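Spelled out, the chains give:
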Amino acid sequence: MAPALLSEEMNDEVSGLDLDTSLSALAYYTRSYLPIVENTAAADTHWVPLPDEVRNYKKLKRTQSVAESIGSNSSLYSGGNGSSNSRSSSISRSSSTNSLNSLNSLNSLRKLHFRDHIWTYTQRYLAAEAVEEAAAAAMRNSAEGEVEEEGSRDGMRLVQLLIACAEAVACRDKTHASALLSDLRADALVFGSSFQRVASCFVQGLEDRLSLVQPLGAVGYNNIAATIGSVGDTDWEKREDALRLVYEICPHIKFGHFVANASILEAFEGENFVHVVDLGMTLGLAQGQQWCQLIHSLANRSGRPPRRIRITGVGLCVDRYKIIGKELEAYAQKLDINLEFSAVESNLESLQPHDIKREDGEALVVNSILQLHCVVKESRGALNSVLRIIHRLSPKVLVLVEQDSSHNGPFFLGRFMEALHYYSAIFDSLEAMLPKYDTRRAKIEQFYFGEEIKNIVSCEGPARVERHERVDQWRRRMSRAGFQAAPIKIMAQAKQWLGQVKACEGYTVMEEKGCLILGWKSKPIVAASCWKC
């Protein structure tokens, strides 16, 4: 960079920057041989655009010769337009313009050594370079701030559009809702920011709900269960793949398995004949990971392992359960454990006490991982019936793991807002764990959490099965059904487990009234609780 000194006009432009170090360097110049910079009558100048304001071009004066310095009216750095300001203490100008001062200046310049010139130009070069670096830093900070501010504005606009569209759908205003959906489709990108991605799932749910609402004055929806509830084989395969990815990448289900197994091990302590009733078999997750871990722990517990372990899976995917059962029996045989597996083909609402085959002297526990919310209905009768049946089985403990959010309110807009807040936190965690264009992330978002969102937003009546409730509401329901809370006292182990599974830094484990809650940045995600008869 050619040695040059910026004019007072540039100092005005970057006066907001911290340039004390740069300007103080100018104060050390030997005043007699500072170059002359004139602000107005510049004969030969170079235009250099500043990064802050491209439209305002600033002048960088070329270095003048000694003869030009002698012939000039001023021998010091000009303050600019004859004005006196705060910078005059460091960068002053001469108060004399007569020929006597010019002659004195000439006499002093003639006594200069070559090293003095070198020192002067070096200092001037360093000062100008510092000013340029500070200006460049200001430009970068300004650009980053503008991007953040622009992203924040876009996010707020997207939130406003979503809420306005939900209101229009709730009011059955198809014309207005359709116009808003058109705007939302352009902004809610499947591979955009975390909020754009979660918004794309809510847009799909709003579209489904809008297509099924009847005109104003009519009651209910157009056969919503038959239209949205039907799932093809291809969709089931996508959901199974997404469930597997959720288990591998997200700590939600693993957290439930960890807390459940710790509670079951405590209940089975000293027991020789043990029986586990698994409601739903963790959504049909393949390989039976939870029970492999439990079998291993029972085989290696202090004292003797159980003489027999029985596992009963309850659900509609009996063929899949039987495959899992055979794998578990083979695994237990390697550990010299006697394991019996059986499956009951029934949904939870149709379950009867005689479906569960009990034997004398065995300790029984019931395990429910993300299952009981599916039988929560407006009438409460279905859930109460299931809880009564479980209570009649007299389990030593019932382990309940559920999403900790209120998605079962009576009003659509309330559910919509609560779901938007809840799933925004989940999608934020996915952004922290997986790259933007990772296909695994897209599968998890669209085919697992996206399906939950669409069910909450678009479905009503029996078709709406994602009826998540907060842990406080579950306490009330369980108490009314005759269960008593059994506090979970493994907080230290849970925190240690969270570190072992290498979950993303934003995940936390909290204890609340005897329950353990997995959260993302203080937002509760999954709650685990234990209950006794």
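Up top is the structure.
First, a word on scope: everything that follows refers to the structure included in this document.

Brief notes about the overall build of the protein chain
Here comes step 1: When you go through the protein chain residue by residue, the secondary structure sums to 18 helices and 12 strands.
Here comes step 2: Looking at the protein chain alone, contacts between residues at least 24 apart form 76% of all its contacts between residues at least 6 apart.

Observations regarding helix α13 (residues 318-334)
Here comes step 1: Taking 1.5 Å of rise per residue, 17 residues should cover 24 Å, and α13 covers 25 Å from first to last C-alpha, within 8% of that figure.
Here comes step 2: Every buried residue of α13 is listed here: Val318, Tyr321, Ile324, Gly325, Leu328 and Ala332. Axial view of α13: buried residues confined to an arc of 115 degrees, hence all on one face. Turned more than 90 degrees away from the buried face of α13, the exposed residues are Asp319, Ile323, Lys326, Gln333 and Lys334.
Here comes step 3: Looking at the buried positions of α13, the neighbouring elements they touch are α11 (281-284), α12 (289-299), β5 (308-315) and β6 (339-345).
Here comes step 4: Where α13 terminates, the next one or two residues include Asp336, which has phi positive at roughly 60 degrees.

Comments concerning a positive patch on the surface
Here comes step 1: On the surface, Arg380, Arg476, Arg480 and Lys513 cluster together to form a positively charged patch.
Here comes step 2: When you line up the elements, Lys513 lands in the loop between β10 (507-512) and β11 (515-520).

Quick word on the nonpolar core
In summary, soluble globular proteins display a tendency toward joint burial of nonpolar side chains.
Here comes step 1: Judged by nonpolar contacts, the single largest core of 91 residues is most densely connected at Leu162, Phe202, Leu206, Phe255, Phe416, Tyr423 and Phe449.
Here comes step 2: Sequence-distant contacts of Phe255, defined by excluding residues within four places in its chain, comprise Trp497, Val509, Leu516, Ile517, Leu518, Val526 and Ala528.
Here comes step 3: With 25 residues, the next largest nonpolar core counts Ile356, Val375, Ile390 and Leu393 among its residues.

Observations regarding the pairing of β10
Here comes step 1: Two elements, β10 and β11, share six bridges in a ladder whose sense is antiparallel. Along β11, the bridge assignment pairs Thr508 with Gly519.
Here comes step 2: The turn linking β10 back onto β11 is made up of two residues, and Lys513 within it adopts a positive phi angle of 55 degrees.

Here we look at the packing of helix α10 (residues 252-267) against helix α18 (residues 491-500)
Here comes step 1: α18 packs onto α10 with a crossing angle of 145 degrees between their chain directions and a minimal axis gap of 11 Å. Between α10 and α18 the crossing geometry is right-handed. Residues Lys254, Phe255 and Phe258 of α10 form the contact with α18, whose own contacting residues are Gln493, Ala494 and Trp497.
Here comes step 2: For the contact of α10 with α18, a count of residues per class yields four nonpolar, one polar and one charged.

Structural notes on the packing of helix α7 (residues 194-212) against helix α16 (residues 439-458)
Here comes step 1: Put simply, α7 and α16 touch, their axes get as near as 8 Å, and they point 40 degrees apart. Compared by their axis directions, α7 and α16 come out oblique. Regarding α7 and α16, the two cross each other, and that crossing is right-handed. Together, Ser194, Arg197, Val198, Ser200, Cys201, Phe202, Gln204, Gly205, Leu206, Asp208 and Arg209 of α7 and Arg441, Ala442, Glu445, Gln446, Gly450, Ile453, Lys454, Val457 and Ser458 of α16 make up the contact between the two elements.
Here comes step 2: Taken together, the residues that form the contact of α7 with α16 break down as seven nonpolar, seven polar and six charged.

Procedures and definitions
Residue positions are counted from 1 within each chain, in the order its sequence is given. The model is predicted, so local features are restricted to residues of pLDDT at least 70 and side-chain atom pairs to those at 80 or more, both for listing and for counting; the totals for chains, interfaces and linings are taken over all residues. Only hydrogens and water are set aside when side-chain values are computed; all heavy atoms of the structure are taken into account. Helix numbers and strand numbers start at the N terminus; a helix is a DSSP run of H or I with at least 4 residues, a strand a run of E with at least 2. Residue contacts are defined here by distance: any two heavy atoms, one from each residue, within 4.5 Å place the two residues in contact. The span you would expect from a helix comes to 1.5 Å times its residue count less one. For every residue, the accessible area obtained with a 1.4 Å probe (protein chains only) is divided by the maximum for its type, and the residue is called buried under 20%, exposed over 50%, and partly exposed between those limits. Directions pointing from the helix axis toward each C-beta atom define the arc. Only residues whose relative accessible area exceeds 30% and that take part in no salt bridge are eligible for patches, with like-charged residues grouped when within 9 Å of each other and nonpolar side chains (Val, Leu, Ile, Met, Phe, Trp, Tyr) grouped when within 5 Å. In these tables, accessible area is a Shrake-Rupley quantity obtained with a 1.4 Å probe, and a residue counts as shielded only by the protein chains included in the view. The salt bridge criterion pairs a side-chain nitrogen of Lys or Arg with a carboxyl oxygen of Asp or Glu, the two atoms within 4 Å. Working convention for charge: Lys and Arg count positive, Asp and Glu count negative, and His plus the chain ends are omitted. Just so you know, the charge point we use is NZ for Lys, CZ for Arg, CG for Asp and CD for Glu. By nonpolar core we mean a set of buried residues, namely Ala, Val, Leu, Ile, Met, Phe, Trp, Tyr and Cys, connected to one another through side-chain atoms within 4.5 Å. The criterion for strand pairing is that DSSP finds at least two bridges linking the strands in question. Throughout, an axis means a line fitted to C-alpha atoms (over the contacting stretch in the case of helices), and angles, computed between N-to-C directions, take values from 0 to 180 degrees. With the far helix as reference, a near helix turned anticlockwise by less than a right angle produces a left-handed crossing, and one turned clockwise produces a right-handed crossing. Polarity classes work like this: nonpolar for Ala, Val, Leu, Ile, Met, Phe, Trp, Tyr, Cys and Pro, charged for Asp, Glu, Lys and Arg, and polar for all others, with Gly in that last group. Relative orientations are named as follows: roughly parallel for angles under 35 degrees, roughly antiparallel for angles over 145 degrees, roughly perpendicular for angles from 65 to 115 degrees, and oblique for any other angle.

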